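# Descriptive structure summary
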Amino acid sequence: MSHVKLSAEIDRYAYTNALSKSSPTTKLFLALSLLLLSVMSPSPIVPISIFLTSTVLLLSFAKIPCRFYLRLLWYPIIIVAVTCVIIAFFFGYQEPFTEVNLLGLKWTVFKDGITLGFTTFFRVLGALSSQFFLVLTTPMTSIILILRKARVPKVLIETSLLIYRYIFVFSEVMETMHIAQDLRLGYSGWLKKLRSMSMLIGNLFIRTLEQGERTFTAMNARGYDGNIRVLEDQPKPSKTALAAITLFTVALAIAAYLTMNIRIV
Amino acid sequence: MHIMEGFLPHPWWEIWFAISAVIVIFGIYKLSKLTKKFPEAKPLLAVMGAFIFVLSALKLPSVTGSCSHPTGSGLAAVVLGPAIASVLSTIVLLFQALLLAHGGLTTLGANIFSMGIVGPFVGYALWIASKKARVPTSAGVFLAVALADLSTYVTTSVQLALAFPGTSFADSFITFGSIFAVTQIPLAIGEGILAIFLFDFLAKYKGKLLSSMNVIGLRVGSQSSEDAE
């Protein structure tokens, strides 16, 4: 439930952050190059610096509240940390590093397992933070407009715009029905919870489908011809910004190449 | 089943992108043909998409760099066909990456392959098979949706095991698969039961549109559209 609400919050920050007026093309270019760099980088050094870069950009340039950023980050970080511990413990097989006592069982931890765990953790961290940079500074409609300029098929753009709209329609209806059920003690036990949940999902589908049809009728009445037109007055990307980003990317790529053979243990 | 941003290492995410792209492009072709023929199907398409979004946002964490949740793409495959379901899943997965930071942009290809391609195609194959075998509609829907959901998770386990093979692919597959199985088997059954109700409603309420789209057999379609009128 809370996840759907979270998407509305992220969407709001995308429109209101301090960088929302700068060119979406520049932001997309920066975010994608950072993302690719952290995924391609073989050692943890470059992803760590990418994590720091996008965090600084988000907190001090885009003025995203620190608490909100941390709220977004802690959940994936915990999951990835646990996963990487599992990887470190179970997935090595070359040189042994140390032996630990697991509930009376002797378990050998291998060096390459630990390296793999660490690298994966920081790769995810760098990639996540550059993804958050894009998500929190660039509204969905701008991204869709860029896709339209990139000649993505019309039917895909149109369906995306409609789905984008319905996600928020869904979450509003869902919220209302959830409160109504909760007030009638619909979530007071495990079995009731299950029953209320399936009622909620079923009715949600019915309600939104009806609403969708009414919207479609209304659009047709206003001369809908299969094109949803949006005002395109987006700021143009500045050439210096693009050049600076390219330079930064190349520098990081060289750093990634130089630090290729660094091992944690 | 959304594999987290950055979790898949270098050659793997590109490979899954390339495989998924072929099928999604075919799906886009089918989608544009469908909307030209039946413009009134558009709200149904959009609602299906948003529905997949909401269903797969109800997630349980799983310690595999991924998570467990209903997928919703099985029902979409039964109603709209697997190729179109794969396009809808692509859009939904992109939105989930961008609006929820759930899944990722580089892992998009792998996630499309498991949730948008394997799941819908397995579901659709079972749906057609059970229609041929004259199994009752509700049992067919249940089988299709529940197994579409499960096969999605099996695929995710395969993808994770290929990327992190450890000592052997098989061991790693069993590790990832058994972690998922705990949460996913009850969820798949739940999603299957839910889909029976939803499909029943759709057949009653949208019977005419669905049978003209050749989704449900004429027998079910004509009877239920009479009910609706």
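Please read all numbers here as calculations on a predicted model, not as lab measurements.

### Brief notes about the overall build of chain A
For chain A, the count of helices and strands is nine helices and two strands. Along chain A, helices and strands appear, N-terminal first, in the series α-α-α-α-β-β-α-α-α-α-α. Its C-alpha atoms give chain A a radius of gyration of 23 Å, clearly above 18 Å, the size a compact globule of 265 residues would have. A principal-axis box enclosing the C-alpha atoms of chain A has dimensions of 70 × 60 × 35 Å. Split into buried and exposed, the 265 residues of chain A put 46% on the buried side. In chain A, the share of contacts with a sequence separation of at least 24, taken over all contacts with a separation of at least 6, comes to 72%. Within the structure as shown, chain A displays about 14,300 Å² of accessible surface, and the carbon and sulfur contribution to it stands at 67%. Across chain A, the centroid of the 26 positively charged side chains sits 4 Å from that of the 14 negatively charged ones.

### Structural notes on the confidence of the model for chain B
All names here are of chain B. In this model, chain B carries a mean pLDDT of 80, and residues with pLDDT of at least 70 account for 85%. The element-level mean pLDDT for chain B is lowest in helix H9 (residues 218-228), coming to 39, with helix H5 (residues 108-132) highest at 91. In the predicted complex, the global pTM is 0.82; the interface-specific ipTM is 0.79.

### With respect to the side chain of Thr107(B)
Residues and elements named next belong to chain B. You can see Thr107 is positioned in the loop between helix H4 (82-100) and H5. Its relative accessible area of 1% is what places Thr107 among the buried residues. There is a polar contact of 2.9 Å between the side chain of Thr107 and the backbone oxygen of Ile3. Apart from the residues lying within four places of it in its own chain, the contact partners of Thr107 are Ile3, Met4, Glu5, Gly6, Phe7 and Leu8.

### So, the packing of helix H4 (residues 66-90) of chain A against helix H5 (residues 111-137) of chain A
All names here are of chain A. One way to put it is that H4 packs onto H5 with a least axis distance of 9 Å and a crossing angle of 160 degrees. As judged from the angle between their axes, H4 and H5 are roughly antiparallel. Crossing angle aside, the handedness with which H4 passes H5 is right-handed. Contact residues: H4 offers Phe68, Tyr69, Leu72, Leu73, Pro76, Ile77, Val80, Ala81, Cys84, Ile87 and Ala88, while H5 offers Gly113, Ile114, Leu116, Gly117, Thr120, Phe121, Val124, Leu125, Leu128, Ser129, Phe132 and Leu136.

### So, the domain arrangement of chain A
Residues and elements named next belong to chain A. Partitioning chain A into structural domains gives domain 1 (1-138) and domain 2 (141-231). Once you take the C-alpha centre of each, domain 1 and domain 2 turn out to be 30 Å apart. Counting residues at the interface gives 12 residues for domain 1, matched by 12 residues for domain 2. Across the domain 1 to domain 2 interface the summed buried area is about 990 Å²; carbon plus sulfur atoms make up 75%. Seen at the junction of domain 1 and domain 2, the total is two residue pairs in polar contact (both at pLDDT 80 or more). Among the elements of the structure, helix H1 (2-16) and helix H2 (24-40) are those that each provide at least two residues to the side of domain 1 that touches domain 2. Here the side of domain 1 that touches domain 2 gets six residues from one element, more than from any other, and that element is H1. Considered class by class, the residues forming the side of domain 1 that touches domain 2 number seven nonpolar, three polar and two charged.

### Examining the confidence of the model for chain A
The predicted coordinates ought not to be read in detail in places where the model reports low pLDDT. Taken residue by residue, chain A gives an average pLDDT of 83. The fraction at 70 or more is 94%. When the elements of chain A are averaged for pLDDT, strand S1 (residues 96-102) of chain A gives the smallest value, 70, and helix H3 (residues 45-61) of chain A the largest, 91.

### Things to note about unusual backbone geometry
As a rule of thumb, non-glycine residues mostly have phi less than zero, and peptide bonds are mostly trans rather than cis. Phi at Lys63(A) takes a positive value of approximately 55 degrees, unusual for a residue other than glycine. As for its placement among the helices and strands, Lys63(A) is situated in the loop between H3 and H4. The residue Arg134(B) is not glycine, and still its phi comes out positive at about 55 degrees. As for its placement among the helices and strands, Arg134(B) is situated in the loop between H5 and helix H6 (137-163).

### Regarding the nonpolar core
Formed by 133 residues in total, the largest nonpolar core has its most connected members in Phe132(A), Leu136(A), Met48(B) and Phe95(B). Among the elements that take part in this core, helix H7 (residues 154-183) of chain A stands out by supplying 15 residues, more than any other. Beyond its immediate sequence surroundings of up to four residues, Leu136(A) is in contact with Ile10(A), Tyr13(A), Ala14(A), Asn17(A), Leu58(A), Ile64(A), Phe68(A), Tyr69(A) and Leu72(A).

### Some words on the interface of chain B and chain A
Of the residues lining the interface, 62 residues belong to chain B; the matching set on chain A comes to 64 residues. Counting the surface lost from both chain B and chain A, the interface buries some 5,500 Å², and carbon and sulfur atoms represent 83% of this. A salt bridge links Glu158(A) to Lys42(B); the shortest N-O distance between them is 3.3 Å. Run the count over chain B and chain A and you get three residue pairs in polar contact (both at pLDDT 80 or more).

### A few points about a nonpolar patch on the surface
Side chains of Val250(A), Ile254(A), Tyr257(A), Leu258(A) and Met260(A) sit close together on the surface and give an oily, nonpolar patch of about 540 Å² of accessible area. Position of Leu258(A) among the secondary structure elements: in helix H9 (residues 239-258).

### Some details on the side chain of Ser41(A)
All names here are of chain A. By the secondary structure assignment, Ser41 is in the loop between H2 and H3. Judged by relative accessible area, which is 5%, Ser41 ranks as buried. Of the polar contacts made by the side chain of Ser41, one reaches the backbone oxygen of Ser43; its length is 2.9 Å. Those residues within four positions of Ser41 in sequence are excluded, and the remaining contacts are Val46, Pro47 and Ala256.

Definitions and limits used
Residues numbered from 1 in each chain as written. Chains lettered and ligands numbered in written order. Predicted model: local features only at pLDDT ≥ 70, side-chain atom pairs only at ≥ 80, totals over all residues. Heavy atoms only, no water. Helix = DSSP H or I, 4+ residues; strand = E, 2+ residues; numbered from the N terminus. Rg over C-alpha atoms; globule rule 2.2 N^0.38 Å. Buried < 20%, exposed > 50% of the residue type's maximum accessible area, 1.4 Å probe, protein only. Contact = heavy atoms within 4.5 Å. Areas by Shrake-Rupley, 256 points an atom, 1.4 Å probe, with all protein chains shown as cover. Lys, Arg positive; Asp, Glu negative; His and termini not counted. Charge placed at Lys NZ, Arg CZ, Asp CG, Glu CD. pLDDT = per-residue confidence, 0-100. Polar contact = N/O pair within 3.5 Å; in protein donor to acceptor, adjacent residues only side chain to side chain. Axes fitted to C-alpha atoms, helices over the stretch in contact; angles between N-to-C directions. Parallel < 35°, antiparallel > 145°, perpendicular 65-115°, else oblique. Left-handed = near helix turned anticlockwise from the far one by under 90°. Domains from an automatic or database assignment. Buried area = accessible area lost by both parts, 1.4 Å probe. Nonpolar A, V, L, I, M, F, W, Y, C, P; charged D, E, K, R; others polar. Core = buried A, V, L, I, M, F, W, Y, C linked by side-chain atoms within 4.5 Å. Salt bridge = Lys/Arg side-chain N within 4 Å of Asp/Glu carboxyl O. Patch = residues over 30% accessible without salt bridge, like charges linked within 9 Å, V, L, I, M, F, W, Y side chains within 5 Å.

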